[in-house]
Amino acid sequence: MVAGTGQSGNLVILSGAGISADSGVPTFRAADGLWEGHRVEDVATPEAFVRNPELVRAFYDARRAHLGTVEPNAAHLALAELERRWDGDFLLVTQNVDDLHERAGSQRLIHMHGELNSGWCLACDTRSPWAGAMGQGAACPSCAATGTVRPDIVWFGEMPYEMERLDEAVRNCDLFVSIGTSGAVYPAAGFVQTARYVGAHCVELNLEPSQGSIFFQETRIGRASEIVPAWVEEVLA
């Protein structure tokens, strides 16, 4: 593999809010520190859920409902095509909680920050697919307990999912690609340093240089729906 091209080797792709923004999914946090008009501390921490579970559930219910109004864009579709045609190991790691990668056809992926379409029962510790509202009276599909299901989202202060598997994949990759991420949220922001340390070629595709841009050998700037398909086309050529 030379300069990030070729169709073999171990490939790890990290996607962030920028790839879904082109589909109309709001990015996580605006410059004023608010997420869709709410303080992050009020809707994205375990303490917030204990303090006001109704508000937290309603917030994620609205985010879940919004998913029905958006579609995967050209970047999601290009990554699904790349996965189908890649000869080596392939892993798509997304920080996003939407289902646009799946709807585009991606299969080898991990939602490290959880999923909007999943509920986690605190009574029986099971996770179940979830559609529709998650009100106080919602019953767990597994144990039938009511009022015990929370959004299956990794909040501030909680550990992202499958970190051991992610760390192993990054340590064994030949090509690491970061798409639409700010480079500000750890541990994902540190993946590029690990990949660079083990000798992987690191490519950044972003709307603007991330906070970790200096660790990438190659950076391409632009909208994800434009630059990701172009890059995938080059790789598969």
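Residues numbered from 1 in each chain as written. Predicted model: local features only at pLDDT ≥ 70, side-chain atom pairs only at ≥ 80, totals over all residues. Heavy atoms only, no water.

As recorded in an unreviewed UniProt entry, the protein chain goes by the name NAD-dependent protein deacylase, listed as coming from Sphingomonas kaistensis. Its UniProt record, at the heading Sequence similarities (unreviewed entry), says of the protein chain: "Belongs to the sirtuin family. Class III subfamily." The Function (unreviewed entry) comment attached to the protein chain in UniProt states, word for word, "NAD-dependent lysine deacetylase and desuccinylase that specifically removes acetyl and succinyl groups on target proteins. Modulates the activities of several proteins which are inactive in their acylated form." (UniProt positions renumbered as here; feature names shortened; annotations may be inferred.)

### A word on the pattern of salt bridges
All chains considered together, the criterion is met by 15 salt bridges. Asp-42 is the partner of Arg-51 in a salt bridge, and the nearest nitrogen-oxygen pair spans 3.6 Å. The class for Asp-42 is partly exposed, based on a relative accessible area of 23%. Measuring nitrogen to oxygen at the nearest pair gives 3.2 Å for the salt bridge that ties Glu-162 to Arg-165. Among the charged side chains, a salt-bridge network with shared partners connects Arg-39, Asp-42 and Arg-51. (Salt bridge = Lys/Arg side-chain N within 4 Å of Asp/Glu carboxyl O. Buried < 20%, exposed > 50% of the residue type's maximum accessible area, 1.4 Å probe, protein only.)

### Quick notes on the domain arrangement of the protein chain
Segmenting the protein chain into domains produces domain 1 (1–24 + 72–113 + 160–237) and domain 2 (26–69 + 114–153). For domain 1 versus domain 2, the distance between C-alpha centres works out to 26 Å. Across the contact, 13 residues belong to domain 1 and 13 residues belong to domain 2. With both chains or domains summed, domain 1 and domain 2 bury close to 930 Å², and 50% of this area falls on carbon and sulfur atoms. Three residues, Gly-24, Val-97 and Tyr-161, lead the burial of domain 1 against domain 2; their summed loss comes to 47% of the area buried on that side. On the surface where domain 1 and domain 2 come into contact, there are zero salt bridges. Put simply, domain 1 and domain 2 have seven residue pairs in polar contact (both at pLDDT 80 or more) between them. Elements represented by at least two residues in the side of domain 1 that touches domain 2 include exactly α1 (17–21) and α6 (100–104). When grouped by side-chain class, the residues that make up the side of domain 1 that touches domain 2 number five nonpolar, four polar and four charged. (Domains from an automatic or database assignment. Contact = heavy atoms within 4.5 Å. Buried area = accessible area lost by both parts, 1.4 Å probe. Polar contact = N/O pair within 3.5 Å; in protein donor to acceptor, adjacent residues only side chain to side chain. Helix = DSSP H or I, 4+ residues; strand = E, 2+ residues; numbered from the N terminus. Nonpolar A, V, L, I, M, F, W, Y, C, P; charged D, E, K, R; others polar.)

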